[in-house]
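So the chains spell out like this:
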Amino acid sequence: MTDNQVKFTKSQREADKAVHQGSMYTRHKRLVRGVKWRCDLRDDCNGGVVLNDQDIVVEKGAHTHVADWGRCKARECVVDLNGKLNGPAAPPLPQL
Ligand SMILES: [Zn+2]
């Protein structure tokens, strides 16, 4: 995992979200050099990243606020949980 890689998760409405360095992004538009993702935290924030076809950050805009690592972590955990719930049944816990 390098600083230029992003993780993907889902919003509550099942939209794709990219997580990068404590900020979350929603897909914005296709550019010649990649796909532009916009910061989802503030409506007036100009922060964003451009991801190339390998989902590597090739461009990054400054945010008007501080990163919120906790929020991203929480969202990842929710997705993990959902994945487990939808996946194969977990083995039963041993009886104490
Ligand atoms: Zn931002």
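Definitions and limits used
Residues numbered from 1 in each chain as written. Predicted model: local features only at pLDDT ≥ 70, side-chain atom pairs only at ≥ 80, totals over all residues. Helix = DSSP H or I, 4+ residues; strand = E, 2+ residues; numbered from the N terminus. Buried ≥ 20, exposed ≤ 12 C-beta atoms within 10 Å, placed from the backbone. Pairing = 2+ DSSP bridges. Core = buried A, V, L, I, M, F, W, Y, C linked by C-beta atoms within 7 Å. Contact = placed C-beta atoms within 7 Å.

## Some remarks on the environment of G70
The residue G70 is located in helix α1 (residues 69-86) in this model. A C-alpha to C-alpha distance of 7.7 Å links G70 and G22, two positions 48 residues apart in sequence.

## Focus on unusual backbone geometry
Of note, the phi angle at E14 is positive, near 70°, even though the residue is not glycine. Note on E14: 6 C-beta atoms within 10 Å, which makes it exposed. Despite not being glycine, Q21 shows a phi value in the positive range, around 50°. Along the chain, Q21 falls in the loop between β2 (16-20) and β3 (23-31).

## Section: the pairing of strand β6 (residues 57-60)
In this structure, strand β5 (residues 48-51) lies alongside β6, joined through three bridges in antiparallel fashion. Bridged to V49 within β6 is K60. Two successive antiparallel strands, β5 and β6, enclose a turn made up of five residues, where D55 displays a positive phi of approximately 60°.

## Comments concerning the nonpolar core
Counting 10 residues, the largest nonpolar core is built from V6, A18, M24, Y25, W37, C39, V49, L51, V57 and C72. For A18, the contacting residues outside a window of four places in its chain are V6, F8, Y25, W37, V49 and L51.

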